[in-house]
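Structure assessment
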Amino acid sequence: MGRKVIENNDFCSMVHAMNIIGSKWKPILLYLCANGSIRFGKLLFFLPDISKKVLTDQLRELEEDGLLIRKKFPEIPPRVEYSLSEKGKSFLPVLKHLSDWTIQNYPDIAFKKCQIILENEN
């Protein structure tokens, strides 16, 4: 089954963005890669509700769109790590704004602080 996309005949930038990152898992996967390289198994550990197939598909799409870098190590058993590309790193402020918006607009929920590391933060 291929990627599900919204028709974008008018070349709307918002529709294009949502076609790239608008799934249930992609923003979370980018967030999990924010602190450096992470292995496939660790992603499964942090996302126990995702199937291996869906995780693989989502990672491949993020790699195809230039947001993730996949590094395969010539070892047995095979080891693969994922990290953010420069384009992926440039998306971190968007994730931070989403987190800040949620905290601001849902004050009745006691959120834990997200640990997104941004280059311009201390």
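Now for a description of the structure that goes with this document. (Residues numbered from 1 in each chain as written. Predicted model: local features only at pLDDT ≥ 70, side-chain atom pairs only at ≥ 80, totals over all residues. Heavy atoms only, no water.)

Of note, Ile20 is situated in helix H1 (residues 13-21). Spatially, the C-alpha atom of Ile20 lies 19 Å from that of Leu43, the residues being 23 residues apart in sequence. (Helix = DSSP H or I, 4+ residues; strand = E, 2+ residues; numbered from the N terminus.)

Here we come to the nonpolar core. Within the largest apolar cluster, 24 residues are counted, with the highest numbers of intra-cluster contacts made by Leu29, Leu30, Leu43, Leu55, Leu59, Leu68 and Tyr82. Discounting residues that sit within four places of it in the chain, Leu29 has contacts with Leu43, Leu47, Leu55, Gln58, Leu59 and Leu62. (Core = buried A, V, L, I, M, F, W, Y, C linked by side-chain atoms within 4.5 Å. Buried < 20%, exposed > 50% of the residue type's maximum accessible area, 1.4 Å probe, protein only. Contact = heavy atoms within 4.5 Å.)

All told, the structure shown has nine salt bridges when counted by the stated rule. A salt bridge links Lys26 to Glu61; its shortest N-O distance comes to 2.7 Å. Of this pair, Lys26 sits in helix H2 (residues 26-32) while Glu61 sits in helix H4 (residues 52-64), and the two are 35 residues apart along the sequence. Judged on exposure class, the residue Lys26 and its partner Glu61 are both buried. The salt bridge involving Glu81 is made with Arg79; its shortest N-O contact spans 2.9 Å. No difference in accessibility class separates Glu81 from Arg79, as the two residues are buried. What you see here is one network of salt bridges that share partners, running through Arg3, Lys26, Glu61, Glu64 and Asp65. (Salt bridge = Lys/Arg side-chain N within 4 Å of Asp/Glu carboxyl O.)

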